Amino acid sequence: MNASAAAAMAETETGKLMNESLVGMDAPEHTRLRRLVNRAFTARNMETRRPRIAQRVSDLLDEMEAMPQPVDVLEHFALPLPIQVICELIGVPQEDQSTFAGWSNAMLGDWQRALEKEAATVSLLKYFGELIEVKRSAPGDDLMSELIKVSDDHDTLSEREIAATCIGLLSAGYETTANQISMFLLTLLRHPEQLEALRDDPDGIPRAVEELLRFVPLTVTGGMVPRLTTGEVELQDGKSLPPGVLVLPVVAAANRDPEVFEDPERLDLTRATNPHLAFGSGIHHCLGAQLARIELQEALRGILARMPELRLGVPESELRLKPASIIRGLETLPIVW
């Protein structure tokens, strides 16, 4: 994207929302907002959600087992699971979740469809503006209600910030996890010996998820969100970057650094030491990392237990990655079992 295009993007609602979200903010605004949201995403709070997530996994697999095979595991499992989980956490009513998913798809989908992205952003902002009023009158046990209470009691958050925070969490907590579930399954099917070993040792699933997070790139570029240096940045090799430089951290390359990982090009689900950067690092370390881990662990646990003969339902040559998408994911993943 050239400078003029970037400037034009910044003036759209989509661009403004990006800058107003936790992903786009810098300190001190980022510190203030993250401190408020962090309380909902502690490891302890996320663990309390594991039984509910496991039940959702089981319910979705029940529905899949009643369908004629092959079944698209992306459409009927990988996509509905995280949207149900993140909407429940934020406080989006169940009847609105399918519409919500459509807006999220448009926001993170084909980057060439700028008008669709902008329309989705405007719809989400309008929706959350209305939902804030509903929650203010009838609060629930959810993140949005908590943010509204904090804002009303201490005047620390604007309604726009509440909406931007919730939209950011939706975007980060839905498409990423959904696509990683399907890409993890495809990766395991490409390594049948490791898939079999994991099926025989379900206690190894948390460690396997960490290795899959390291091994499977999340984005098409392999990078994370571009960052602009605001001052001189010293690098480990003695070099430095001046202020005003756009930097794209290529996390996929870091996750296969031979100085950090032994035999980094090999998938090893028993890898004991795994300091991967799949969730980023520093102040922008993924807020929902623990939630994503639980969803990925329970998704694999459920599928491996319920579908012992899992295999592709079509030749792999027929699978296609989604075109022009930020997040690396498949269009469909038909399976049989």
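Caption draft 1: Spatial organisation of the overall build of the protein chain. A tally of helices and strands in the protein chain yields 15 helices and seven strands. Its C-alpha atoms give the protein chain a radius of gyration of 20 Å, near enough to 20 Å, the size a compact globule of 337 residues would have. Dimensions along the principal axes, computed over C-alpha positions, put the protein chain at roughly 55 × 55 × 40 Å. By the burial criterion, 45% of the 337 residues in the protein chain qualify as buried. Excluding contacts between residues fewer than 6 apart, the proportion of contacts in the protein chain whose partners are at least 24 apart in sequence is 71%. About 16700 Å² of surface is accessible on the protein chain, with carbon and sulfur atoms providing 55% of the total.

Caption draft 2: Spotlight on the sheet that holds strand β1 (residues 71–72). Strands sit in the order β1-β7-β6 across an open sheet of three strands; the sheet is antiparallel. Single-partner strands in this sheet number two, and they are β1 and β6 (311–312). Sheet analysis places β6 next to strand β7 (residues 334–336), joined by two bridges and oriented antiparallel. Looking at the pairing, Leu312 lines up with Ile335 of β7.

Caption draft 3: Representation of helix α13 (residues 205–215). Counting buried positions along α13 gives nine out of 11 residues, so the element sits mostly inside the fold. Restricting attention to buried positions, one finds in α13 the residues Ile205, Ala208, Val209, Glu210, Glu211, Leu212, Leu213, Arg214 and Phe215. Contacts made by the buried residues of α13 are with α11 (159–190), α12 (192–200) and α15 (289–306).

Caption draft 4: Geometry of the state of the cysteines. In total, this model carries zero disulfides according to the counting rule given. Looking at Cys87, it has no disulfide partner, and the nearest cysteine sulfur is the one in Cys166, 10 Å off. Taking relative accessible area as the criterion, Cys166 reaches 0% and is therefore assigned buried.

Caption draft 5: Summary view of the pattern of salt bridges. As enumerated under the stated definition, the model contains 21 salt bridges in all. Among the salt bridges present, the one from Arg49 reaches Glu88, with a minimum N-O distance of 3.7 Å. Of this pair, Arg49 sits in the loop between α4 (43–48) and α5 (50–65) while Glu88 sits in helix α7 (residues 80–90), and the two are 39 residues apart along the sequence. Arg49 gets classed as partly exposed once you look at its relative accessible area, which sits at 22%. When its relative accessible area of 29% is taken as the criterion, Glu88 is described as partly exposed. In this structure, the salt-bridge partner of Arg190 is Glu316, at a minimum N-O distance of 2.6 Å. In this pair, Arg190 is assigned in helix α11 and Glu316 in the loop between β6 and β7, connecting sequence segments 126 residues apart.

Caption draft 6: Representation of the nonpolar core. In terms of nonpolar packing, the biggest core is built from 89 residues, with Phe41, Met64, Phe77, Phe100 and Phe128 touching the most fellow members. At 15 residues, the largest contribution of residues to this core is made by α11. Those residues within four positions of Phe100 in sequence are excluded, and the remaining contacts are Ile83, Cys87, Val92, Leu124, Tyr127, Phe128 and Leu170.

Caption draft 7: Representation of helix α9 (residues 114–137). For α9, built from 24 residues, the straight-helix expectation of 34 Å at 1.5 Å per residue is met to within 8% by its first-to-last C-alpha distance of 35 Å. Looking only at α9, the buried set comprises Lys117, Ala120, Thr121, Leu124, Leu125, Tyr127, Phe128, Leu131, Ile132 and Lys135.

Caption draft 8: Expanded view of the side chain of Arg271. Along the chain, Arg271 turns up in the loop between α14 (251–254) and α15. Looking at Arg271, its side chain comes within polar contact range of the side chain of Glu211, at 3.0 Å. Within the local environment of Arg271, its side chain forms a polar contact with the backbone oxygen of Asp263, the two atoms lying 3.4 Å apart. Those residues in contact with Arg271, other than ones at most four positions away along the chain, are Arg207, Glu211, Arg214, Phe261, Glu262, Asp263 and Arg266.

Caption draft 9: Up close: the environment of Leu17. Structurally, the position occupied by Leu17 is in helix α2 (residues 13–20). Relative accessible area serves as the criterion here: at 4%, Leu17 is assigned to the buried category. C-alpha separation for the pair Leu17 and Val122, spaced 105 residues apart in sequence, amounts to 9.8 Å. If we skip the residues at most four places from it in the chain, Leu17 touches Met107, Thr121, Leu125, Arg160, Ala164 and Ile167.

Caption draft 10: Structural context of the packing of aromatic side chains. Here the structure, examined in full by the defined rule, presents two aromatic pairs. Where Tyr127 meets Phe128, the ring centres are 5.7 Å apart and the plane angle is 75 degrees; that geometry is what we call edge-to-face. Across the pair, Phe128 and Tyr127 agree in class, each one buried. These aromatic residues form a ring-pair network of at least three members: Trp103, Tyr127 and Phe128.

Caption draft 11: Quick look at the packing of α13 against α15. For the pair α13 and α15, interaxial distance at closest approach is 9 Å and the crossing angle is 115 degrees. On the basis of the axis angle, α13 is roughly perpendicular to α15. Of the two possible hands of crossing, α13 and α15 adopt the one that is right-handed. Here Ile205, Pro206, Val209, Glu210, Leu212 and Leu213 of α13 come into contact with α15, specifically with Arg293, Leu296, Gln297, Leu300 and Arg301. Considered class by class, the residues forming the contact of α13 with α15 number seven nonpolar, one polar and three charged.

Conventions we followed
- Residues numbered from 1 in each chain as written.
- Predicted model: local features only at pLDDT ≥ 70, side-chain atom pairs only at ≥ 80, totals over all residues.
- Heavy atoms only, no water.
- Helix = DSSP H or I, 4+ residues; strand = E, 2+ residues; numbered from the N terminus.
- Rg over C-alpha atoms; globule rule 2.2 N^0.38 Å.
- Buried < 20%, exposed > 50% of the residue type's maximum accessible area, 1.4 Å probe, protein only.
- Contact = heavy atoms within 4.5 Å.
- Areas by Shrake-Rupley, 256 points an atom, 1.4 Å probe, with all protein chains shown as cover.
- Pairing = 2+ DSSP bridges.
- Disulfide = S-S within 2.5 Å.
- Salt bridge = Lys/Arg side-chain N within 4 Å of Asp/Glu carboxyl O.
- Core = buried A, V, L, I, M, F, W, Y, C linked by side-chain atoms within 4.5 Å.
- Expected span 1.5 Å × (residues − 1).
- Polar contact = N/O pair within 3.5 Å; in protein donor to acceptor, adjacent residues only side chain to side chain.
- Phe/Tyr/Trp six-rings, centres within 6.5 Å; stacked < 30°, edge-to-face > 60°.
- Axes fitted to C-alpha atoms, helices over the stretch in contact; angles between N-to-C directions.
- Parallel < 35°, antiparallel > 145°, perpendicular 65-115°, else oblique.
- Left-handed = near helix turned anticlockwise from the far one by under 90°.
- Nonpolar A, V, L, I, M, F, W, Y, C, P; charged D, E, K, R; others polar.

The analysis is restricted to geometry; functional conclusions fall outside its scope.
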